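Read off the chains here:
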Amino acid sequence: MKVAIMKLGDVLITAIPVDLTDEDAVMFQSDLLGEINTRDAKGVIIDISALDLVDSYMARIINDSATMAGLLGAEVVVCGMQPQVTITLIEMGRELLGVDTALNLDLAMEIILAKTHSERGDQRDG
Amino acid sequence: MDSLFPVRLDILAQVDIIFCRQKVREIAVAWGFGLADQTRLATAVSELTRNALEHGGGGSCQIVPCQKNGRDGIRVVIEDNGPGIADIAQALQDGYSTHRGMGLGLPAAKRLVHGMDIESRPGRTVLLIEMFLNN
């Protein structure tokens with residue numbers, strides 16, 4: 001299954017679909033990094049609101065994707081984590097370390113724009 | 001409720017990880033488990049069926065009802081005929097890593113469920129987890 005990755009301005013937006021196989025998850029990661037590179041994205045929003053569970057494998061995919069995107073110079077925000085997913089991640093000890101999170105896509109976009117504008121030293125925003 | 005059982009699923013491919021955890025969730029929902037416990041159990045099943053596939057070369061997942069101290073629960077038994085876990089005590093320790101630095105996720109899964117039992121020897125590994133209502 002190919003996961004759609006969209007672009008809005010300099011920001012890539014993608015939503016991980018529920019019940020991705022491990023293979024598809026790896027392909028998603030690879031596609032995302034490719035897109036950051038070829039489309040010169042400054043930010044990435046990964047929406048995980050469709051995930052009704054996140055096991056250690058998916059947690060690692062998300063974590064590593066965020067780390068790799070950071071190495072490519074992109075700001076990353078994960079949004080939409082479901083409460084029951086938050087609970088299990090904390091209890092497992094697999095919380096998404098070092099990844100910025102937001103409640104929803106609107107807030108994620110605000111964070112990304114603030115981060116990418118401040119990095120450019122955008123004077124217009126004061 | 002008994003008409004749901006017995007449930008036995010083969011773990012032969014990555015899609016089976018998904019089938020098993022979906023089936024477990026379906027049963028947990030039917031039994032009246034809350035969303036948090038449904039998710040805990042399904043997540044633990046996801047971890048353990050992946051182990052059976054990736055480390056055990058494939059196996060099976062059985063879901064049966066169980067009881068403890070008068071409380072109803074769901075028991076999931078995941079078996080494989082792989083090389084086995086050399087040191088179970090070590091595998092149950094946080095921070096122990098084997099395959100690609102991830103370990104078996106056993107301590108993580110154990111924290112999610114109400115009970116876990118492990119038996120393992122070369123050729124046969126059996127993981128038993130239980131989740132009870134109103135625990």
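Described in the following lines is the structure provided in the data block. (Residues numbered from 1 in each chain as written. Chains lettered and ligands numbered in written order. Predicted model: local features only at pLDDT ≥ 70, side-chain atom pairs only at ≥ 80, totals over all residues. Heavy atoms only, no water.)

### A closer look at the interface of chain B and chain A
Argument step 1. The interface is formed by 23 residues belonging to chain B together with 19 residues belonging to chain A.
Argument step 2. Carbon and sulfur atoms make up 50% of the surface buried where chain B meets chain A, a total of about 2000 Å² over both sides.
Argument step 3. Run the count over chain B and chain A and you get six salt bridges.
Argument step 4. The shortest N-O distance in the salt bridge between Asp52 of chain A and Arg25 of chain B comes to 3.5 Å.
Argument step 5. If you look at where chain B meets chain A, you find 12 residue pairs in polar contact (both at pLDDT 80 or more).
Argument step 6. At the level of elements, helix 1 (14–30), helix 2 (35–54) and helix 4 (106–112) of chain B are the ones that each hand at least two residues to the side of chain B that touches chain A.
Argument step 7. Considering every element that reaches the side of chain B that touches chain A, the biggest residue donor is helix 2 of chain B, with 10 residues.
Argument step 8. Residue composition of the side of chain B that touches chain A, grouped by class: nine nonpolar, six polar and eight charged. (Contact = heavy atoms within 4.5 Å. Buried area = accessible area lost by both parts, 1.4 Å probe. Salt bridge = Lys/Arg side-chain N within 4 Å of Asp/Glu carboxyl O. Polar contact = N/O pair within 3.5 Å; in protein donor to acceptor, adjacent residues only side chain to side chain. Helix = DSSP H or I, 4+ residues; strand = E, 2+ residues; numbered from the N terminus. Nonpolar A, V, L, I, M, F, W, Y, C, P; charged D, E, K, R; others polar.)

### Focus on empty space enclosed by the protein
Argument step 1. Enumeration according to the criterion identifies one cavity of 30 Å³ or more in this entry.
Argument step 2. Approximately 140 Å³ is the volume found for the largest cavity.
Argument step 3. Lining the largest cavity we find 18 residues, and of these Leu20, Asp55 and Met58 of chain A together with Arg21 and Arg50 of chain B sit closest to its centre.
Argument step 4. Secondary-structure elements contributing two or more residues to the lining of the largest cavity are helix 1 (22–38) and helix 2 (56–71) of chain A together with helix 1 of chain B.
Argument step 5. In terms of residue count, helix 1 of chain B provides more of the lining of the largest cavity than any other element does, four residues in total.
Argument step 6. The class makeup of the residues in the lining of the largest cavity is 10 nonpolar, two polar and six charged. (1 Å grid on protein atoms, 1.4 Å probe; cavity = no way out; pocket = protein on both sides within 12 Å on 5 of 7 lines; lining within 4 Å. Points joined across faces, edges and corners; volume = space filled by probe spheres on them.)

### Digging into the pairing of strand 2 (residues 11–15) of chain A
Taken residue by residue, a regular strand's side chains alternate between the two faces of the sheet.
All names here are of chain A.
Argument step 1. Counting buried residues along strand 2, four of its five residues qualify, which places the element largely inside the surrounding structure.
Argument step 2. In this sheet, strand 2 lies alongside strand 1 (residues 5–8) in antiparallel orientation, the contact comprising four bridges. Looking at the pairing, Ile5 lines up with Thr14 of strand 2.
Argument step 3. Turn length for the strand 1-strand 2 hairpin, with the two strands adjacent in sequence and antiparallel, is two residues, and the turn residue Gly9 shows positive phi of about 70°.
Argument step 4. With five bridges joining them, strand 2 and strand 3 (residues 43–47) adopt parallel strand pairing. By the bridge assignment, Leu12 is partnered in strand 3 with Val44.
Argument step 5. Handedness of the strand 2-helix 1-strand 3 crossover: right-handed. (Buried < 20%, exposed > 50% of the residue type's maximum accessible area, 1.4 Å probe, protein only. Pairing = 2+ DSSP bridges. Right-handed = clockwise from strand over helix to strand, strands pointing away.)

### What to know about helix 3 (residues 83–92) of chain A
Argument step 1. Buried within helix 3 of chain A are the following residues: Gln84, Val85, Thr88, Leu89 and Met92 of chain A. In a view along the axis of helix 3 of chain A, the buried residues occupy a sector of 135°, so they form one face of it. Set apart from the buried face of helix 3 of chain A by more than 90 degrees, the exposed residues are Pro83 and Ile90 of chain A.
Argument step 2. The inward-facing, buried residues of helix 3 of chain A contact helix 2 of chain A together with helix 2 and helix 4 of chain B. (Arc of directions from axis to C-beta.)

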